[in-house]
Amino acid sequence: MTALYKKILPTLLLTAVLALCSPLRAQTPRDDSPELLYSDFYSRALCLVPTDEESNLSPYITHLWMANLADSLRPSALSDIGFVLSQLGQPEQAQTYLMRAYRASHGDHLIGEPLARMALANQDFATAEEVITELLERVPDDHFLLILLQQAYRSEEKWDKAIEVGKKIVELSRDDPRQVSGLAGLYMQAGQQDKAVELLEEYGKTHSGEPTTQTVLFYLYLSAGDYDRAGKALEQLRKQDKGSDVVRVAEVTYLARRERYREGAKYILRQSRSEGIDPEQVESLIQTLYKESPSATEARREMVKVRSEIAKLFPQTPQLRLGLSQDYLLLGDTVAAEGILDRLVDDRVELVSPYVYFTDRYAAAEDTTNLRHYAEAGHEALPEEGVFRLYLALLAVNAGDTTGYRRQLDEALTLVSTEDRFYPQLALLRADDLSGGGDFEAARPYYEAAVSQPLPPAYNNYAYFLTEKSGTPADLDKAEKLARQAIKLEPDNGTYLDTYAWVLYRKGSSMLALIYIKKAIEATETPDPTLYEHLAEILTAEGRYDEAVEAWRHCLESGGDAKLVEERVEAITEMKKSEPVTD
């Protein structure tokens, strides 16, 4: 090879690659035959495969699509389109393209396997079963395909077929204990517990002490109430690894089912002292005792006797003390529970529950002194929790401290996460405050934040705001949707029914508005002048003047503005005078 050729060759190769990968509009296929067009477009597509999540998919998809248009029977482009559609969150369309690719490829395994998985994910079990069965005809011992087929049968509750496949998986896995346990699980799902027991017992004869299958067998004995054999199976598990999580849970479950609660509580205490166990594991054992006990109350009575000692073993885990307080509450010992909760508050633990217990209690009792104490304590320990900010803001407004109220809201809306479930309520308070002060543009984004979660007062107030402060056709349409959402959640709320009626009236649907304003009045126990005012305006729009005057009378009697009532009645009188006289 000459020196000149050595220099030119890399340049030619680079030019060829750049030409192949250049944009679609810059190239014209050399031939209009489907084969060459397909090859050209598909080759370019391969050069445009996105390298990361930020890459633009459009050029890649465009070239794939053009390749498919050139030759719609080529499996490569079809399958690639299917995979892209899957990434774009269109699983059904993706499956359609993969199925076309699979058929066009005459059953290619590399296309068939992801197609089967996609069909399972789409719950199209018939297609999954069909494709997997075809693939297994060529590779009958493919372990992964057999697992997929078993999954399809299980989803369709074809237990006999699932079991047969399970047997083959066990055989191919050379009696892997996980697969044996899985087969036993299939027998149980099929309601054939006796066969599950028989399988595991036979396996145990040749694999003595194997923990996975022995654990399943233990629980089978236990569920059948065969405590003698369950105890023997548990003894075998102890020999394998006495300190494992599996054995601990089995021990507690066994004692709970036998109603030996005191032994169970003491066992958990002993395990709490053992090396390597963490507080989460201890709490899990406690909950297992309760869950598996015929009487959770009796189990709790024994457990509270040792829970304090357990909590002392893990002083940095206040959740254990919180769990003890919850047990006392469930046992009806409020004094003991509140004593623990109060100490947790004094320690300023970073757990919401102790503070919320007291804030909710004192809010219900309208005890503002204690409510403030616990809300401030909660805020001190957890400054980013919206619930305590909300209470402090409401306490400020209740005390007439407008400045403090606004400061609390501004700080809260800066620090509290928008994902906090109390953030929308904080945003609603700020929106109403701004709207009430005439700052409508500043109020709107807070209303938007307030309706980010299903919050009826937010739907209602925002709807009324849009109706009264904007009134544009687009905002009235939005207001109608919001008001409808509010009454959907609280259909008997008079205030929400009134807002919906008023929105309809402002949109010109006075006849429908009349139905809802009457519902609002019926749903309101104490006569509300605003409702009668709205009723009167709607009746006036309908031309029912005498009824409108009567509604204004009710408005006045329920505390309405006398001057407004007088003006509106005079206006109606003038309207009646201008009506044409009929014979």
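None of the values given here were measured: they were computed from a predicted structure.

## Digging into the side chain of aspartate 327
Here is step 1: Mapped onto the fold, aspartate 327 is located in helix 18 (residues 318–330).
Here is step 2: Residue classification places aspartate 327 among the buried positions, given a relative accessible area of 3%.
Here is step 3: Here the side chain of aspartate 327 touches arginine 307 through a polar contact of 2.8 Å, side chain to side chain.

## Side note on the packing of aromatic side chains
Here is step 1: According to the stated counting rule, one finds 13 aromatic pairs in the structure shown.
Here is step 2: Measuring from centroid to centroid gives 6.5 Å for phenylalanine 358 and tyrosine 362, while their planes differ by 15 degrees, and the two rings are stacked. One end of the pair is phenylalanine 358 and the other is tyrosine 362, both in helix 20 (residues 352–364) and four residues apart, which spans about a single turn.
Here is step 3: The rings of Tyr357, Phe358, Tyr362 and Tyr374 are connected pair by pair, giving a single aromatic cluster.
Here is step 4: Sitting over the face of the ring of tyrosine 290, arginine 300 holds its NZ or CZ atom 4.3 Å from the ring centroid.
Here is step 5: Its end group placed over the ring of tyrosine 516, lysine 519 keeps NZ or CZ at 5.0 Å from the ring centre.

## Brief notes about helix 4 (residues 75–87)
Here is step 1: Across its 13 residues, helix 4 extends 18 Å between first and last C-alpha, which sits within 8% of the 18 Å expected from 1.5 Å per residue.
Here is step 2: Of the residues making up helix 4, those classed as buried are Ala77, Leu78, Ser79, Asp80, Ile81, Gly82, Val84 and Leu85.

## Regarding the nonpolar core
Here is step 1: Tyr355, Ile517 and Leu535 are the most contacted members of the largest nonpolar core, which totals 84 residues.
Here is step 2: When sequence neighbours within four positions are dropped, the list of residues in contact with isoleucine 517 reads Asp498, Ala501, Leu531, His534, Leu535 and Ile538.
Here is step 3: Residues Tyr42, Met118, Val170 and Val247 belong to the second largest nonpolar core, which totals 65 residues.

## Details of the side chain of threonine 288
Here is step 1: Structurally, threonine 288 can be placed in helix 16 (residues 279–292).
Here is step 2: Residue threonine 288 is classed as buried on the basis of its relative accessible area, which comes to 9%.
Here is step 3: Only 2.9 Å separates the side chain of threonine 288 from the backbone oxygen of serine 284, close enough to count as a polar contact.
Here is step 4: Setting aside chain neighbours within four positions, we find threonine 288 in contact with Val249, Val252 and Thr253.

## With respect to a negative patch on the surface
Here is step 1: Taken together, the side chains of Asp561, Glu566, Glu567 and Glu570 present a region of like negative charge at the surface.
Here is step 2: For aspartate 561, the position within the fold is in the loop between helix 31 (545–557) and helix 32 (562–577).

## Regarding the environment of threonine 96
Here is step 1: Positionally, threonine 96 belongs in helix 5 (residues 91–104).
Here is step 2: Along the chain, threonine 96 and alanine 119 lie 23 residues apart, while their C-alpha atoms are 9.7 Å from each other.

## Looking at helix 20
Three- or four-residue spacings in an α-helix give side chains the same orientation, since the helix completes a turn every 3.6 residues.
Here is step 1: In this model, helix 20 (13 residues) spans 18 Å end to end at C-alpha, consistent with the 18 Å of a helix rising 1.5 Å per residue.
Here is step 2: Burial in helix 20 covers these residues: Pro354, Tyr355, Val356, Phe358, Thr359 and Tyr362.
Here is step 3: For helix 20, the secondary structure elements touched by its buried residues are helix 18, helix 19 (334–346), helix 21 (368–381) and helix 22 (386–398).
Here is step 4: One or two positions beyond helix 20, positive phi appears at glutamate 366, with a value near 55 degrees.

## Points about the pattern of salt bridges
Here is step 1: The tally for this structure, following the rule as stated, stands at 40 salt bridges.
Here is step 2: Residues glutamate 298 and arginine 301 are paired through a salt bridge, measuring 2.6 Å at the closest nitrogen-oxygen approach. Note that glutamate 298 and arginine 301 are positioned in helix 17 (residues 296–313) at a spacing of three residues, about one turn of the helix.
Here is step 3: On the basis of relative accessible area, glutamate 298 is assigned to the partly exposed category, the value being 37%.
Here is step 4: As a salt-bridge pair, glutamate 380 and arginine 348 come within 3.3 Å of each other at their nearest N and O atoms.

## Observations regarding the packing of helix 25 (residues 440–450) against helix 26 (residues 456–469)
Here is step 1: Across the interface, helix 25 lies against helix 26 with an axial gap of 10 Å and an inter-helix angle of 150 degrees. Classified by the angle their axes make, helix 25 and helix 26 are roughly antiparallel. As helix 25 runs across helix 26, the sense of the crossing is left-handed. Every residue of helix 26 that contacts helix 25 at Phe440, Ala443, Arg444, Tyr447, Glu448 and Ala450 is listed here: Ala458, Asn461, Tyr462, Phe465, Leu466 and Lys469.
Here is step 2: For the contact of helix 25 with helix 26, the class distribution of residues is eight nonpolar, one polar and three charged.

## Here's the deal with the packing of helix 27 (residues 473–489) against helix 28 (residues 494–506)
Here is step 1: Where helix 27 contacts helix 28, the two axes come as close as 9 Å, and the packing angle between them is 155 degrees. As judged from the angle between their axes, helix 27 and helix 28 are roughly antiparallel. Where helix 27 crosses over helix 28, the two elements pack in a sense that is left-handed. On helix 28, the residues that touch Leu476, Ala479, Glu480, Ala483, Arg484, Ala486 and Ile487 of helix 27 are Tyr496, Leu497, Thr499, Tyr500, Val503, Leu504 and Arg506.
Here is step 2: When grouped by side-chain class, the residues that make up the contact of helix 27 with helix 28 number ten nonpolar, one polar and three charged.

Calculation notes
One numbering rule holds for all chains: residues counted from 1, following each sequence as written. Only residues with pLDDT of at least 70 get local features here, since the model is predicted, and only at 80 or more are side-chain atom pairs given and counted; chain-wide, interface and lining totals rely on the full set of residues. Note that the side-chain values use all heavy atoms of the structure and ignore hydrogens as well as water. Strands here are runs of E lasting at least two residues and helices are runs of H or I lasting at least four, both read from the DSSP assignment and numbered beginning at the N terminus. Exposure categories follow from relative accessible area, calculated using a 1.4 Å probe and restricted to protein chains: below 20% of the type maximum is buried, above 50% is exposed, and the middle band is partly exposed. For this analysis, a polar contact is any N or O atom pair within 3.5 Å, provided that within protein one partner can donate a hydrogen and the other can accept it, and provided that sequence-adjacent residues contribute only side-chain to side-chain pairs. Under the pairing criterion, centres of Phe, Tyr and Trp rings, with the six-membered ring standing for Trp, must be within 6.5 Å; the plane angle then separates stacked pairs below 30 degrees from edge-to-face pairs above 60, leaving the rest tilted. Two conditions define a charge sitting above a ring: the NZ of Lys or the CZ of Arg must be within 6 Å of the ring centre, and it must be within 35 degrees of the ring normal. Expected span of a helix, by definition, is 1.5 Å for each gap between consecutive residues, and there is one gap fewer than residues. We define a nonpolar core as any set of buried Ala, Val, Leu, Ile, Met, Phe, Trp, Tyr and Cys residues linked to one another through side-chain atoms lying within 4.5 Å. Whether two residues are in contact is decided by their heavy atoms, any of which lying within 4.5 Å being enough. Candidates for patches are residues over 30% relative accessible area with no salt bridge; among them, like charges are joined within 9 Å and nonpolar side chains (Val, Leu, Ile, Met, Phe, Trp, Tyr) within 5 Å. Each accessible area is a Shrake-Rupley result for a 1.4 Å probe, and residues are judged covered by the shown protein chains and nothing else. Here, a salt bridge means any side-chain nitrogen of Lys or Arg that lies within 4 Å of a carboxyl oxygen of Asp or Glu. Charge assignment: positive for Lys and Arg, negative for Asp and Glu; neither His nor the chain ends contribute. By convention, the point assigned to a charge is CZ for Arg, NZ for Lys, CD for Glu and CG for Asp. Here, axes are lines fitted to C-alpha atoms. For helices the fit covers the stretch in contact, and angles between N-to-C directions go from 0 to 180 degrees. Convention used here: angles under 35 degrees read as roughly parallel, angles over 145 as roughly antiparallel, angles from 65 to 115 as roughly perpendicular, and any remaining angle as oblique. Left-handed is the label given to a crossing in which the near helix is rotated counterclockwise from the far helix by less than a right angle, and right-handed is the label when the rotation is clockwise. Charged residues are taken to be Asp, Glu, Lys and Arg, nonpolar residues to be Ala, Val, Leu, Ile, Met, Phe, Trp, Tyr, Cys and Pro, and polar residues to be all remaining types, Gly included.

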